[in-house]
There are 2 protein chains.
Amino acid sequence: MFDSVIIGGGPAAMSAALNLKIRNKNFIILAGGDKVTGLSKAPNVENYLGINNVSGQELLSVFDKHLKEMEIEKKKEMAYNILNMGDYFMINAGNNFYDAKTIIIATGKAKNKMIEGEEEYLGKGVGYCATCDGPLYRNKVVTIVSENEEGEEEVKFLSEICSKVYYLPLYETDFSCRGNLTVLEGKPISVIGNGNKVTSLSTSEGNIDTDAVFFIRNVLPVNQLLEGLELEDGSIKVDRTMATSVSGVYACGDCTGKPFQIAKAVGEGNIAALSVVKYLDKNAEVEL
Amino acid sequence: MFDSVIIGGGPAAMSAALNLKIRNKNFIILAGGDKVTGLSKAPNVENYLGINNVSGQELLSVFDKHLKEMEIEKKKEMAYNILNMGDYFMINAGNNFYDAKTIIIATGKAKNKMIEGEEEYLGKGVGYCATCDGPLYRNKVVTIVSENEEGEEEVKFLSEICSKVYYLPLYETDFSCRGNLTVLEGKPISVIGNGNKVTSLSTSEGNIDTDAVFFIRNVLPVNQLLEGLELEDGSIKVDRTMATSVSGVYACGDCTGKPFQIAKAVGEGNIAALSVVKYLDKNAEVEL
């Protein structure tokens, strides 16, 4: 049982980690892939006090160095779902499950633009982790819509167990058709079903008959991460202690809303971690 | 007329300044004396992401260097009072007055421990700026209670125009009696008056008959800075945009409450400045 699991790997997550480490808490960081896209593409940052005139990539290296010096490691696993077990949480990260007393969500700019039908058919053919749910579609037709290369790994796995795999990459790739795999072009428009389960995916280039659609996104829609997590203007609703609507769950950084700034993210990570420490102390007292 | 006046000189103020500068706003920083006491005394800071294992003093030097590179200057003037003029603010900084469209308060950990009678006799013998109010006590008896060396400058000025000056330093000093000046020992306990005006100051070493008492503090009690500024648990009440209860006035850093941390202060300074920019843009639209 971890004291805390930090979900995300950007500046907010890193700042939270520093503070948990200093306070001797037992935690892990599930950072997902290395895709802190916004910052890593920034040509020049000059408003993070104390480190002037660096590229976003350089700043991230400086941040990574700090974590390394404090012996903090980021796991590249992606958290897909958090289950609220009452007095603790269970985090589903693909093949691994972790238990934790508290959660710090720092998943970056919240994307809530699900396509039509996506939410309705979630769990009825729509999924976010092919590795997790793929076996349900043995010998069936599946489609993967992916914002990044991770989708290619999922395709390889699914093409071994499914009768047909469609791949719709939303990024530039040379990944090509092979065996039972067809690589498509276009943009996804809506998930279509018969009320009970998915029957097809509508795209800008036409309809595809399919039993399942997996969306591999750079950021998971936050409202799918944890049931009961309240949003406000599409971001995770927090108070000034970074507490969310779910007791024991804190959020920080871009996922809590504007401004999308490094200093804000780092400051919120700091606050979230100290709030977690307070929460753990309080609950430890209750246990005595 | 300034777009904004930043009151305070610590990490929150500096972070706000960076962002106003980048956004081409016309502002000044009234930093008061060089007394960012908490941080400058920290032996080792390791939880400000990106700058590891430095003393508080070193970290402040790094911050100052960043400001210098951006050609941002801190004025050593102390703001004593802000007057809300409806569509702008007038800031009283001793001998100087400044007009501004917005205010960013970053005065550090809020001190609200006024002594007994202090609030009751404010303006009736109690003051915070001897240079400003001293002339009202020409040929009278005045007392200065000071947390720092600035009080000594005030003493020199008052001893020229008052009949008798008592000085009660609350810090270590060799400053000694001379002419009409008596240096006292002890701690101030209460301000005593006849209902209309101050008559004496009670201290741990006895009572002093006096017509006025000036308190020179490292931090001005925030509730004296601006009328109508709402507090919460002794700190300035802000929302997540760092807006206070007074439109056009934002606050950041330790003065908004716990945790008292550099990252939190820097993050809040960043948010406050961007909220000011938004506020100015909105009001500029109204003017068109």
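The structure presented is a predicted model; accordingly, all values stated were derived computationally and were not measured.

Asks: Before we go on, may I ask you to explain the overall build of chain A in this structure?
Replies: The secondary structure content of chain A amounts to seven helices and 17 strands. In terms of C-alpha radius of gyration, chain A reaches 20 Å, essentially the compact-globule figure of 19 Å for 288 residues. For chain A, the proportion of its 288 residues judged to be buried stands at 54%. Restricting to contacts in chain A with at least 6 residues of sequence separation, those with at least 24 account for 56%. Counting 29 positive and 39 negative side-chain charges, chain A places the averaged centre of each group 2 Å from the other.

Asks: Honestly, the packing of helix α1 (residues 11-22) of chain A against helix α3 (residues 56-69) of chain A in this entry has me stumped. Any pointers?
Replies: Describing two packed helices takes the angle between their axes plus the distance from one axis to the other. Residue and element names in this part refer to chain A. Interaxial distance between α1 and α3 falls to 10 Å at its minimum, and their mutual angle equals 20°. When the axis of α1 is compared with that of α3, the two are roughly parallel. Seen along the crossing, α1 lies across α3 with a hand that is left-handed. Where α1 approaches α3, its residues Pro11, Met14 and Leu18 are matched on the opposing element by Leu60, Phe63, Asp64, His66 and Leu67. A class-by-class count of the residues in the contact of α1 with α3 yields six nonpolar, one polar and one charged.

Asks: Can you help me understand the interface of chain A and chain B in this one?
Replies: Put simply, an interface is often sized by how much accessible area is lost when its parts join up. At the junction of the two partners, chain A supplies 34 residues and chain B supplies 34 residues. Summing both partners gives a buried area of about 2,800 Å² for chain A against chain B, and 62% of it is carried by carbon and sulfur. The three residues of chain A that bury the most area against chain B are Leu49, His66 and Arg240 of chain A, which together make up 27% of that side's buried surface. A salt bridge links Glu268 of chain B to Arg240 of chain A; the shortest N-O distance between them is 2.5 Å. Put simply, the parts of the chain that give the side of chain A that touches chain B at least two residues each are α1, α3 and α7 (262-287) of chain A. Examining the composition of the side of chain A that touches chain B, we find that eight residues originate from one element, α7 of chain A, more than from any other. Looking at the side of chain A that touches chain B residue by residue, the class counts come to 18 nonpolar, ten polar and six charged.

Asks: Looking at this structure, I do not really get the sheet that holds strand β8 (residues 141-146) of chain A. What am I missing?
Replies: Whether parallel or antiparallel, the strands of a sheet pair through hydrogen bonds between backbone atoms. If you walk across this open sheet you meet the five strands as β7-β14-β8-β9-β10 (chain A), and the pairing is parallel. Each having just a single partner strand, β7 (126-127) and β10 (181-183) of chain A make up the two edges of the open sheet.

Asks: Before we go on, may I ask you to explain the UniProt feature "domain: FAD/NAD(P)-binding" (unreviewed entry) in chain A in this structure?
Replies: UniProt's feature table lists "domain: FAD/NAD(P)-binding" (unreviewed entry) at residues 3-140 and 190-269 of chain A, given in the numbering used throughout. Taken end to end, residues 190-269 of chain A is 15% helix and 32% strand, and its first and last C-alpha atoms sit 36 Å apart.

Asks: Is there a simple way to explain the pattern of salt bridges in this structure?
Replies: Close approach of charged atoms allows side chains with opposite charge to pair. Evaluated as defined, the whole model comprises 16 salt bridges over all chains. As a salt-bridge pair, Lys101 of chain A and Asp3 of chain A come within 3.6 Å of each other at their nearest N and O atoms. Here Asp3 of chain A lies in strand β1 (residues 2-7) and Lys101 of chain A lies in strand β6 (residues 96-105), a separation of 98 residues in the sequence. Residues Lys65 of chain B and Glu69 of chain B are paired through a salt bridge, measuring 2.9 Å at the closest nitrogen-oxygen approach. A residue pair is termed a helical-turn pair when its members lie 3 or 4 positions apart in one helix, as Lys65 of chain B and Glu69 of chain B do in helix α3 (residues 56-69) at four residues.

Asks: Which parts of the structure should I look at to understand the relation of the copies chain A and chain B?
Replies: Two copies of the chain are present, and they differ by a rotation about an axis and a shift along that axis. Once chain A has been moved 0.0 Å along the axis and rotated by 180°, it coincides with chain B to within an RMSD of 0.1 Å. What we have between these two chains is a two-fold relation. If distances are taken from each C-alpha of chain A to the rotation axis, the shortest is found for Gly267 of chain A, at 2.3 Å.

Asks: Sorry if this is basic, but what is going on with the environment of Pro11 of chain B here?
Replies: Mapped onto the elements of the fold, Pro11 of chain B is located in helix α1 (residues 11-22). Distance from Pro11 of chain B to Ala263 of chain B, taken between C-alpha atoms, is 8.5 Å for residues 252 residues apart in sequence.

Asks: Can you walk me through the packing of aromatic side chains in this structure?
Replies: How two aromatic rings sit relative to each other is set out by the distance from centre to centre and by the angle between their planes. Residue and element names in this part refer to chain B. Within this structure, the stated rule accounts for eleven aromatic pairs over all chains. Ring plane angle 80° and centroid distance 6.0 Å describe the contact between Tyr137 and Phe214, whose orientation is recorded as edge-to-face. Taken together, the residues Tyr137 in the loop between α4 (130-133) and β8 (141-146) and Phe214 in strand β14 (residues 212-216) connect sequence positions 77 residues apart. One exposure class covers both Tyr137 and Phe214, and it is buried. Judged by centre distance (6.3 Å) and plane angle (75°), the ring pair of Tyr250 and Tyr279 falls under edge-to-face. Of this pair, Tyr250 sits in strand β17 (residues 249-251) while Tyr279 sits in helix α7 (residues 262-287), and the two are 29 residues apart along the sequence. When the ring centre of Tyr166 is taken as reference, the NZ or CZ atom of Lys164 above it lies at 5.2 Å.

Asks: Which parts of the structure should I look at to understand the pairing of strand β5 (residues 89-93) of chain A?
Replies: On a regular strand, each side chain points to the face opposite its neighbour's, so the side chains alternate between the two faces of the sheet. All names here are of chain A. Most of β5 is tucked away, with four of its five residues classed as buried. Sheet analysis places strand β4 (residues 81-84) next to β5, joined by four bridges and oriented antiparallel. Bridging from a neighbouring strand, Leu83 pairs with Met90 of β5. Hairpin connection of β4 to β5: four residues between the antiparallel strands, including Gly86 at a positive phi of 95°. With five bridges joining them, β5 and β6 adopt antiparallel strand pairing.

Thresholds, definitions, all that
Positions within a chain are numbered from 1, following the residues in the order the chain's sequence is written. The lettering of chains begins at A and the numbering of ligands begins at 1, in the order of writing. Thresholds applied to this predicted model are a pLDDT of at least 70 for local features of residues and 80 or more for the giving and counting of side-chain atom pairs; totals over whole chains, interfaces and linings are not thresholded and use all residues. Remark: hydrogens and water are excluded; side-chain values derive from all non-hydrogen atoms of the structure. Strands here are runs of E lasting at least two residues and helices are runs of H or I lasting at least four, both read from the DSSP assignment and numbered beginning at the N terminus. In this description the radius of gyration comes from C-alpha coordinates, and the expected globular size is given by 2.2 Å times residues to the power 0.38. Burial status follows relative accessibility: with a 1.4 Å probe on protein chains alone, a residue under 20% of its type maximum counts as buried, one over 50% as exposed, and anything between as partly exposed. The contact criterion used is simple: two residues touch if any of their non-hydrogen atoms lie within 4.5 Å. Positive charge is attributed to Lys and Arg, negative charge to Asp and Glu, and no charge count is given to His or to the chain ends. Here the site of a charge means NZ on Lys, CZ on Arg, CG on Asp, or CD on Glu. Structural elements are reduced to axes, namely lines fitted to C-alpha atoms, with helices fitted over the stretch in contact, and the angle between N-to-C directions of any two is expressed from 0 to 180 degrees. Angles are sorted into four bins: roughly parallel if under 35 degrees, roughly antiparallel if over 145, roughly perpendicular if 65 to 115, and oblique for all others. It is the rotation of the near helix from the far one that decides the hand of a crossing: anticlockwise by less than a right angle makes it left-handed, clockwise makes it right-handed. Under the grouping applied here, Gly and all other residues not named as nonpolar or charged are polar, the nonpolar ones being Ala, Val, Leu, Ile, Met, Phe, Trp, Tyr, Cys and Pro and the charged ones Asp, Glu, Lys and Arg. The term buried area refers to how much accessible surface (probe radius 1.4 Å) is lost by two components on association, counted for both of them together. Each reported salt bridge corresponds to a side-chain nitrogen of Lys or Arg within 4 Å of a carboxyl oxygen of Asp or Glu. The rule for pairing is simple: two strands pair if DSSP sees at least two bridges between them. UniProt positions are given in the numbering used here, feature names are shortened, and annotations may be inferred rather than shown by experiment. Here the copies were fitted onto each other by least squares, based on C-alpha atoms from residues at pLDDT of at least 70 in both. Aromatic pairs are defined between Phe, Tyr and Trp rings, using the six-membered ring for Trp, whenever the two ring centres lie within 6.5 Å; interplanar angles under 30 degrees are classed as stacked, those over 60 as edge-to-face, and all others as tilted. Our definition puts a charge over a ring when NZ of Lys or CZ of Arg is within 6 Å of the ring centre and also within 35 degrees of the ring normal.

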